[in-house]
Amino acid sequence: ADGYETILVERKGRTALLTLNRPGALNALDLQVMNEVVAATEALDRDPDCGCIVITGSAKAFAAGADIKEMRPQGYMDMYLADWFAAWDRLGQLRTPTVAAVAGYALGGGCELAMLCDILLAADTAVFGQPEIKLGVIPGIGGSQRLTRAVGKAKAMELCLTGRTMDAAEAERSGLVSRVVPADELIGEALAVADTVAGMSLPVAMMAKEAVGRAFETTLAEGVRFERRLFHAVFATEDQKEGMGAFADKRPPEFRHR
Ligand code: CO8
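Residues numbered from 1 in each chain as written. Predicted model: local features only at pLDDT ≥ 70, side-chain atom pairs only at ≥ 80, totals over all residues. Heavy atoms only, no water.

### What to know about the packing of aromatic side chains
Evaluated as defined, the whole model comprises three aromatic pairs. Taking the centre distance of 6.2 Å and the plane angle of 70° together, the rings of W84 and F85 count as edge-to-face. Like W84, the residue F85 is buried in the burial classification. Between the aromatic rings of F231 and F235, the centroid separation amounts to 5.3 Å while the plane-to-plane angle is 80°, which identifies the pairing as edge-to-face. Note on F231: relative accessible area 47%, which makes it partly exposed. In this structure F235 comes out as partly exposed when scored by relative accessible area, which is 38%. (Phe/Tyr/Trp six-rings, centres within 6.5 Å; stacked < 30°, edge-to-face > 60°. Buried < 20%, exposed > 50% of the residue type's maximum accessible area, 1.4 Å probe, protein only.)

### Concerning the sheet that holds strand β6 (residues 105–107)
Backbone hydrogen bonds hold the strands of a sheet together, and the pairing may be parallel or antiparallel. If you walk across this open sheet you meet the four strands as β4-β6-β8-β9, and the pairing is mixed. With partners counted over all chains shown, the strands left at the sheet margins are β4 (61–63) and β9 (166–167), one partner each. In terms of strand pairing, β4 meets β6 through two bridges, oriented parallel. Residue pairing for β6: A63 is matched across the bridge by A106. Packing against the sheet, helix α5 (residues 109–116) makes contact with β4, β6 and β8 (127–129), and its axis sits at approximately 90° to β6. (Pairing = 2+ DSSP bridges. Helix = DSSP H or I, 4+ residues; strand = E, 2+ residues; numbered from the N terminus. Contact = heavy atoms within 4.5 Å. Axes fitted to C-alpha atoms, helices over the stretch in contact; angles between N-to-C directions.)

### With respect to helix α9 (residues 186–198)
With 13 residues, α9 ought to run about 18 Å at 1.5 Å a step, and its terminal C-alpha atoms sit 18 Å apart, in line with that. Burial in α9 covers these residues: L186, A190, L191, V193, A194, V197 and A198. All buried residues of α9 fall inside an arc of 160° around its axis, so they share one side. (Expected span 1.5 Å × (residues − 1). Arc of directions from axis to C-beta.)

### Description of unusual backbone geometry
You will see that L26, though not glycine, has its phi angle at about 50°, which is positive. Relative to the elements of secondary structure, L26 occurs in the loop between β2 (15–20) and α1 (31–45). With relative accessibility at 28%, the residue L26 sits in the partly exposed group. The phi angle at K250 is positive, at roughly 55°, despite the residue not being glycine.

### Observations regarding helix α6 (residues 143–151)
Of all the residues in α6, the buried ones are G143, L147 and V151. Down the axis of α6, the sector holding all buried residues measures 25°, keeping them to one side. For α6, the secondary structure elements touched by its buried residues are α5, α7 (153–162) and β9. The first or second residue beyond α6 is G152, which carries a positive phi of 90°.

Set out below in structure tokens:
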């Protein structure tokens with residue numbers, strides 16, 4: 001009904017579940033997938049009834065990378081003029097919180113897509129890596145930057161230079177993912193986390209996301225100044241009065257903006 005061919009989008013209350021659906025190619029991220037994921041998530045971002053977006057793949061593959069067959073014949077001018085992969089940046093600019101629920105392969109662009117999301121949950125079957133170097137290329141959707149910020153220079157260098165993958169346990173140990181869960185519980189857990197986020201005040205959740213995200217962009221002093229401005233600003237919301245009032249009344253909050 002929504003016209004998408006490579007993704008499925010379902011609404012579950014205030015949470016949206018976006019499933020990559022190119023099973024024949026292990027969810028390889030070609031331009032159609034990119035355009036559909038970006039269009040769908042930007043539409044959800046404009047919907048005040050959507051409080052959190054979960055992105056997932058299949059049991060075997062979250063996404064096995066950017067589409068190698070599509071990229072193979074491209075030249076520099078093709079890549080430059082198309083600004084290849086630039087649209088993915090828009091996923092990182094959504095205001096609505098996002099959750100990546102990763103089972104199976106999250107390689108190359110798949111790992112980069114997961115890292116574009118705010119919360120990263122992994123099944124115990126998840127495999128992460130930036131194996132581009134084995135194809136004679138390097139990461140192109142932010143992997144060299146976001147992986148380094150997530151796991152530090154030593155491990156990011158090793159992964160990007162050797163192309164070796166890491167399993168879910170190593171990904172959790174190194175801080176790439178927030179939690180590892182049994183594979184058959186992944187979607188349930190991801191939806192539960194998303195429902196929790198979607199139950200908060202949406203504008204306040206957006207500000208919390210923005211504040212944490214700023215830590216990746218700036219110095220500590222500037223980041224703390226930015227946080228302080230947002231912190232003062234939340235006192236202009238009805239939801240601050242409701243949240244603190246509900247605590248004082250010993251009742252659950254009824255946030256207006258959710
Ligand atoms: N692109 C296109 N097709 C793919 C991809 C991919 N990344 N991954 C898998 N497929 C296809 C296979 O070709 C195969 O198709 P077919 O049946 O038509 O031959 C089908 O999916 C199933 O795959 P396999 O038969 O290989 O499945 P296996 O279970 O044997 O292996 C693996 C699974 C290990 C994941 C294997 O498929 C693999 O190694 N895939 C490639 C992983 C990889 O290197 N990813 C990084 C790609 S590059 C990238 O993401 C960023 C590039 C940045 C460029 C920057 C430009 C600006």
